[in-house]
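Single-letter residue listing:
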Amino acid sequence: MAEARTHVLVINCGSSSLKFSLFAGTDRAAILSGLAENLGQPESRLILKENDAKVTIALDGGSHDTALRRLMAELQARGLLDAIGAVGHRIVHGGERFVEATRLDAEVLAEIDALSYLAPLHNPANVLGVKVAMEVLGWVPHVAVFDTSFHMTIPEAAHTYAIPQEYRDAGVRRYGFHGTSHGFVAKEAVEMLGLDPKDHGLVIAHLGNGSSATAVLNGKSVDTSMGLTPLEGLVMGTRSGDIDPGAIFHIARQDNKSIDDLDTLLNRKSGLLGLSGLSNDCRTLESAAAEGHEDAILAMEVMVHRLARYIGGLATSLPRLDAVIFTGGIGENSSFVRAKTIARLAALGIKLNEEANAGMFGGRCGIISADGSGPKAVVIATNEEWAIANEARPYIGQDIRKAG
């Protein structure tokens, strides 16, 4: 059994899944990670990854509670449970109330729950995960780390919607998301590129099933693509990104769609899936496009067009642009998306080094732009889980395990 509680458990709870990583001390590599998926369904299962080995455990329709309790049992069996000194929870939306990592208690949890109207697909699941985790691992501090916190430095002109004051007073504004990833990558870029921490400008593209781009000035977010919710901005796996509200009104009137119908349409049936009619997985669409699938080709073209347009627009929020950074599952692994995007950024003076670009995948990091071209194009692997653990680590030691 471990003698000191130096480990941090990171939990990211979704509506039907639960991701987790366990970090020892300040080491960036998780010693144990995994996923509980299809929760509440007959095929629910817990997948553990440890030392390059993978173990799958059937949960037989188990819930979040079942998954967490089984995870605790697996940690106990490995002598790791008593090594945990804090738990970090990813919380998607903190509204204007939460601007930094916050120790969780009943009052804070209730405030997070009350913000669910801003992120109905995320916050309720996040709250559920916290409640269960605090019950099964109640002797250590639990810390909320918010996707929105990093973006609280965005100036008023960039985060304000052109709507009446009464709605702005009610918190209807642009918040931005993926803040943990953008913040982590921004720091990595300064070190990798030897930038002046007090004088640099970046545009970071976090690309995955959910995607966002952010302008970072001297380490602080000054503009971003997502808005009140994660729906605004780039074309994503199943989310539409930007769409004329008039088009939404038209669809509602034409097909007699309810608000909930429209929510489902734009969040779950649009994006790459809606464009291609085939898949929301970029890898599948790249393969289909290479084989001549017209709708897959269109889906990729629309995604890249929107991404390049946002990168160019975000650059105008900076007094200088030192680099465009690609990160996230697609950003780190798709040389195709990076090449297509950079080809559209010629006006910024960025030119691609094709050989370097082709070699960037699977966690590799480096510059993919040609020498002497304008701002650099760079691939940097994100590590959101470690960043969350880093935010939770200072809380270690605040609680003493209760006897019995």
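The protein goes by Acetate kinase in an unreviewed UniProt entry, where it is assigned to Neorhizobium huautlense. Check the Subunit (unreviewed entry) section of the UniProt entry for the protein; it says "Homodimer." Under the UniProt heading Pathway (unreviewed entry), the note attached to the protein is "Metabolic intermediate biosynthesis; acetyl-CoA biosynthesis; acetyl-CoA from acetate: step 1/2."

Visitor: Pulling in residues and values, what's your account of empty space enclosed by the protein?
Guide: Under the criterion given, the structure shown has 1 cavity of 30 Å³ or more. Approximately 50 Å³ is the volume found for the largest cavity. Taken together, L207, S211, L234, V235, M303, L307 and V337 make up the lining of the largest cavity. For the lining of the largest cavity, the residue count by class is 6 nonpolar, 1 polar and no charged.

Visitor: Residue-level account of the layout of surface pockets, with values.
Guide: Counted as a void, the largest pocket has a volume near 1,700 Å³. If you go around the largest pocket, you meet 47 residues; those closest to its centre are K19, R90, G208, N209 and G210. Looking at the lining of the largest pocket, the elements that each hand over two or more residues are strand 1 (7-13), helix 3 (123-136), helix 8 (259-268), helix 10 (282-290), helix 12 (328-333) and helix 15 (384-392). The element that contributes the greatest number of residues to the lining of the largest pocket is helix 12, accounting for 5 residues. Counted by class, the lining of the largest pocket contains 12 nonpolar, 23 polar and 12 charged residues. Here the second largest pocket is characterised by a volume of approximately 940 Å³. Lining the second largest pocket are 26 residues, with L228, T229, L231, I248 and L266 sitting closest to its centre. For the lining of the second largest pocket, the secondary-structure elements that each account for two or more residues are helix 7 (245-255) and helix 8.

Parameters at a glance
Residues numbered from 1 in each chain as written. Predicted model: local features only at pLDDT ≥ 70, side-chain atom pairs only at ≥ 80, totals over all residues. Heavy atoms only, no water. UniProt positions renumbered as here; feature names shortened; annotations may be inferred. 1 Å grid on protein atoms, 1.4 Å probe; cavity = no way out; pocket = protein on both sides within 12 Å on 5 of 7 lines; lining within 4 Å. Points joined across faces, edges and corners; volume = space filled by probe spheres on them. Nonpolar A, V, L, I, M, F, W, Y, C, P; charged D, E, K, R; others polar. Helix = DSSP H or I, 4+ residues; strand = E, 2+ residues; numbered from the N terminus.

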